[in-house]
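Close look at the chain arrangement
If you want the building blocks of each chain, they are given just below.
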Amino acid sequence: GAGVSQTPSNKVTEKGKYVELRCDPISGHTALYWYRQSLGQGPEFLIYFQGTGAADDSGLPNDRFFAVRPEGSVSTLKIQRTERGDSAVYLCASSLLALSYNEQFFGPGTRLTVL
Amino acid sequence: KQEVTQIPAALSVPEGENLVLNCSFTDSAIYNLQWFRQDPGKGLTSLLLIQSSQREQTSGRLNASLDKSSGRSTLYIAASQPGDSATYLCAVKETSGSRLTFGEGTQLTVNP
């Protein structure tokens, strides 16, 4: 596709459930980033991948959060035992390379609501 | 730890006004600074990217300046229109990594 796509656009789940959020980066982009945006706040970094490996996962809040990118393209953010505080918009971005001068392009986000 | 602050948090102006949004950051060791626009319920649209070696960038009615040594950037919007109503976010990329650190945004409303 022309841009970064994310599915689903909205996800409602119950506390304690497991969820998966998917990101399709721009074709050919090797770097992929996940951010989380709470209501009224700016996005906060979670993790980024260079190729298949997680190059920096220091933003993941705890071990309930995990992300994979097995083939270096599509990425899945996985949240176990969801809590109400996990409710937020999860944004994905990609860039051609992870080099500092490469611009990041953002997807529309997945709005996660934990009841 | 890098911290990015945006002032004001919200701004309401009549159509046609020129306006300035402010962004400050605590660590001047940045590689670039980027301004984004976010419409309600939508993702981020990149407006302008300024490399640390640059002083300003312009696109149409938008002009962004960067004073790296003082840790400040401004986004100037000329002749504002109702369609400019959105939240504007600034973000810095530090030289030591690839993540973006965002401010909390300025919510702009341009009234017809």
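The model shown is predicted, which means the values in this text are computed figures rather than measured ones.

Looking at the overall build of chain B
Of the regular secondary structure elements, chain B holds 0 helices and 11 strands. When the helices and strands of chain B are listed from N to C terminus, the series reads β-β-β-β-β-β-β-β-β-β-β. Taking 2.2 N^0.38 as the reference for a compact globule, 112 residues should give roughly 13 Å; the C-alpha atoms of chain B span a radius of gyration of 13 Å, in line with that estimate. Considering only C-alpha atoms, chain B reaches an extent of 45 × 30 × 20 Å along its principal axes. Burial statistics for chain B: of 112 residues in total, 43% are counted as buried. On chain B, roughly 5,200 Å² of surface is accessible, and the fraction owed to carbon and sulfur atoms is 46%.

As for the overall build of chain A
Looking only at helices and strands, chain A features 0 helices and 11 strands. Listing the helices and strands of chain A from first to last along the sequence gives β-β-β-β-β-β-β-β-β-β-β. The C-alpha radius of gyration computed for chain A amounts to 13 Å, which stays within 12% of the reference 13 Å derived for 115 residues, consistent with globular compactness. Taken along the three principal axes of its C-alpha coordinates, chain A extends 40 × 25 × 25 Å. When burial is assessed residue by residue, chain A has 47% of its 115 residues classed as buried. Restricting the contact set of chain A to residue pairs at least 6 apart, pairs at least 24 apart contribute 55%. With an accessible surface of roughly 5,400 Å², chain A has 50% of that area assigned to carbon and sulfur atoms. Each charge class in chain A can be summarised by its mean position, and for the 11 positive and 11 negative side chains these summaries are 8 Å apart.

What about the state of the cysteines?
Applying the stated criterion across every chain, the model contains 2 disulfides over all chains. Here Cys23 of chain A connects covalently by a disulfide to Cys92 of chain A, the sulfurs 1.8 Å from one another. Here Cys23 of chain A and Cys92 of chain A share a disulfide; its torsion about the S-S bond, -65°, makes the bridge left-handed. Highlighted residues: Cys23 of chain A in strand 3 (residues 19-24) and Cys92 of chain A in strand 9 (residues 88-95), separated in sequence by 69 residues. Considered together, Cys23 of chain A and Cys92 of chain A belong to a single accessibility category, that of buried residues. Linked covalently through their sulfurs, Cys23 of chain B and Cys90 of chain B form a disulfide whose S-S length is 1.9 Å. The sign of the S-S torsion, about 70°, decides the handedness of the disulfide formed by Cys23 of chain B and Cys90 of chain B: right-handed. Of this pair, Cys23 of chain B sits in strand 3 (residues 19-25) while Cys90 of chain B sits in strand 9 (residues 86-94), and the two are 67 residues apart along the sequence. Look at Cys23 of chain B and you get buried, because its relative accessible area is 2%.

A short note on the pattern of salt bridges
Under the criterion given, the structure shown has 6 salt bridges over all chains. For Arg64 of chain A, the salt bridge is made with Asp86 of chain A, and the minimal N-O distance between the two is 2.8 Å. Placement of the pair is Arg64 of chain A in the loop between strand 6 (53-56) and strand 7 (65-68) and Asp86 of chain A in the loop between strand 8 (75-79) and strand 9, with a sequence separation of 22 residues. Among the residues examined, Asp86 of chain A registers a relative accessible area of 3% and is labelled buried. Across the salt bridge formed by Arg61 of chain B and Asp84 of chain B, the nearest N and O atoms sit 2.8 Å from each other. One end of the pair, Arg61 of chain B, is in the loop between strand 6 (56-59) and strand 7 (62-67); the other, Asp84 of chain B, is in the loop between strand 8 (72-77) and strand 9, and 23 residues separate them in sequence. A relative accessible area of 29% means that Arg61 of chain B is categorised as partly exposed. With a relative accessible area of 8%, Asp84 of chain B lands in the buried category.

What counts, and where the lines are drawn
- The residue numbering used here restarts from 1 in each chain and proceeds along that chain's sequence as written.
- A letter from A marks each chain and a number from 1 marks each ligand, given out in the order of writing.
- Local features are withheld for residues below a pLDDT of 70 in this predicted model, meaning they are given only at 70 or higher, and side-chain atom pairs are given and counted only at 80 or more; totals for whole chains, interfaces and linings count all residues.
- The side-chain numbers reported here are obtained from all heavy atoms of the structure, hydrogens and water having been left aside.
- Helix numbering and strand numbering both begin at the N terminus, where a helix is a DSSP run of H or I of at least 4 residues and a strand a DSSP run of E of at least 2.
- Only C-alpha atoms enter the radius of gyration; for comparison, a globular chain is expected to reach 2.2 Å times N to the power 0.38, where N is the number of residues.
- Buried residues are those whose accessible area, probed at 1.4 Å on protein chains only, stays under 20% of the maximum for their type, while exposed residues exceed 50% and partly exposed ones sit between those limits.
- Here, Shrake-Rupley sampling with a 1.4 Å probe gives the accessible areas, and only protein chains in the shown set may cover a residue.
- Contacts are assigned to residue pairs that have any heavy atoms within 4.5 Å of one another.
- Only four residue types enter the tally: Lys and Arg on the positive side, Asp and Glu on the negative side, with His and both chain ends excluded.
- Working definition for charges: the position is that of NZ of Lys, CZ of Arg, CG of Asp or CD of Glu.
- Disulfide: a pair of cysteine sulfur atoms within 2.5 Å of each other.
- In the sections that follow, a salt bridge refers to a side-chain nitrogen of Lys or Arg positioned within 4 Å of a carboxyl oxygen of Asp or Glu.

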